[in-house]
Amino acid sequence: MTVLITAGELAEELAGPNPPLVLDVRWALTQPDGRADFEAGHVPGAVYVDLETELSTHGEPTAGRHPLPTRERLEEAARAWGLNDGVRVVVMDGGPSFGASRAWWLLRHAGVDVRILDGGYPAWAELALPIEAGPAMPFAGHATLSWGHMPVITADEAASYEGLLLDARAGERYRGEVEPMDPVAGHIPGAVNAPTTENSELDGRFKPAAALAERFSELRTEPGAIAVYCGSGVTAAHQIAAMEIAGISDVALYPGSWSAWSNQGRPVATGATP
């Protein structure tokens, strides 16, 4: 499946006979509730999606900050968004596609045909395309979701991972110099640092496929399985999307990521090396 769609392409599809459902996942660590930004202006017909309550579940700290929802919970949310079987989906956010990538990964996991609006809402506004304001009022849908279409690994599997395990957090968090979110600083022993921010251009769009392929070829020194984690399983989805753009598929996600690992009393490495 194609990972990205441009704002111009989205405008054409929305004007066509089979428009996609547009889901707006405005989210950031510093502002997890993006509803106010959505209501100030969004793509016409788009539906706001709350990453914290609809694309995640919540439990004990040992499960991490953003555990995956169940298939049943995601299906309930998808129907509330107005999703029907056979309808393509476009996900977007406020620009860097971190929230959108979480939605992309999760919907792919559930068997939905979904693409990311490259550059998010700013890319749409840049073309002076129509904008709506106010809350979304979708009709209820009847989508039936499946599950398990994207590979995942557990904490135990991450601990003994024989392939390339990538840590998508910022370098200073990987090295253990700072830890603003979780109880322990450092990284999973054996993991290689590959910050998610290096997947994007300054305007929030993904880098070209060739540039991403070169980036990951420098990290992947030999063939084999790849898995990714981050702080809580959100920005790691951006890394998986970037790798798919680069032509690398079947990359696994460790959903609990560092937020789960650091709450489980597991071994911790620090410094710049795995």
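Please refer to the structure higher up on the page.
Position numbers for residues count from 1 along each chain, tracking the sequence in the order it is written. For this predicted model, a pLDDT threshold of at least 70 governs which residues receive local features, and a threshold of 80 or more governs which side-chain atom pairs are given and counted, while totals over whole chains, interfaces and linings are taken from all residues. For side-chain calculations, the full set of non-hydrogen atoms in the structure is used, while hydrogens and water are omitted.

Asker: Pulling in residues and values, what's your account of the overall build of the protein?
Answerer: Tallying secondary structure elements over the protein gives 11 helices and 9 strands in all. For a compact globule of 274 residues, the expected C-alpha radius of gyration is about 19 Å, and the protein comes in at 18 Å, within 12% of that figure. With the principal axes as the frame, the protein shows a C-alpha extent of 50 × 40 × 30 Å. Throughout this description, buried means an accessible area under 20% of the type-specific maximum (1.4 Å probe, protein chains only), exposed means over 50%, and partly exposed covers the range between. Buried positions account for 50% of the 274 residues belonging to the protein. The accessible surface values rely on the Shrake-Rupley method and a 1.4 Å probe; as for residues, cover is taken only from the protein chains in view. Approximately 11700 Å² of the protein is accessible, and the part contributed by carbon and sulfur atoms is 54%. Taking the 18 positively charged and 36 negatively charged side chains of the protein as two groups, their mean positions are separated by 2 Å. Counting from the N terminus, the helices are the DSSP runs of H or I reaching at least four residues and the strands are the DSSP runs of E reaching at least two. As defined in this context, the radius of gyration uses C-alpha atoms, and a globule is described by 2.2 Å times the residue total to the power 0.38. None of His or the chain ends enter the tally, which takes Lys and Arg as positive and Asp and Glu as negative. We put the charge of a Lys on NZ, of an Arg on CZ, of an Asp on CG and of a Glu on CD.

Asker: Pulling in residues and values, what's your account of the nonpolar core?
Answerer: By size, the foremost hydrophobic cluster in this structure holds 53 residues, and its most contacted members are Leu 23, Leu 55, Trp 81, Val 89, Val 91, Trp 104 and Trp 105. Side-chain atoms within 4.5 Å are what join buried Ala, Val, Leu, Ile, Met, Phe, Trp, Tyr and Cys residues into a set we call a nonpolar core. Formed by 15 residues, the second largest nonpolar core is a distinct cluster that contains Ile 5, Ala 46, Tyr 121 and Leu 129.

Asker: Run through unusual backbone geometry, naming residues and quoting values.
Answerer: If you check the backbone angles, Ser 97 has positive phi at about 70 degrees while not being a glycine. Here Ser 97 is to be found in the loop between strand S4 (89-92) and helix H5 (98-109).

Asker: How would you explain the pairing of S4 if you had to name every residue and give the values?
Answerer: The two faces of S4 match: Val 89 and Val 91 on one face and Val 90 and Met 92 on the other face are all buried. A pair of strands is considered paired only if DSSP assigns at least 2 bridges between the two. Pairing of strand S2 (residues 21-24) with S4, which is carried by 4 bridges, proceeds in the parallel orientation. Residue pairing across strands places Leu 21 opposite Val 89, the latter belonging to S4. Here S4 runs beside strand S5 (residues 114-117); their pairing, made up of 3 bridges, is parallel. Along S5, the bridge assignment pairs Val 91 with Ile 116. Regarding topology, H5 serves as the crossover connection from S4 to the parallel S5, and that connection is right-handed. Here, the term right-handed applies to a crossover whose path from the first strand over the helix to the second runs clockwise when the strands point away from the viewer.

Asker: Lay out the sheet that holds strand S7 (residues 192-193) in plain terms, naming residues and giving numbers.
Answerer: Pairing is parallel in the open sheet, where 4 strands are placed in the order S7-S6-S8-S9. Both edges of this open sheet fall to S7 and strand S9 (252-253), since each of them pairs with a single strand only. Sheet topology note: the strand S8 (residues 226-229)/S9 ladder contains 2 bridges and is parallel. Residue Val 228 lies in a different strand from S9, and its bridge partner there is Leu 253.

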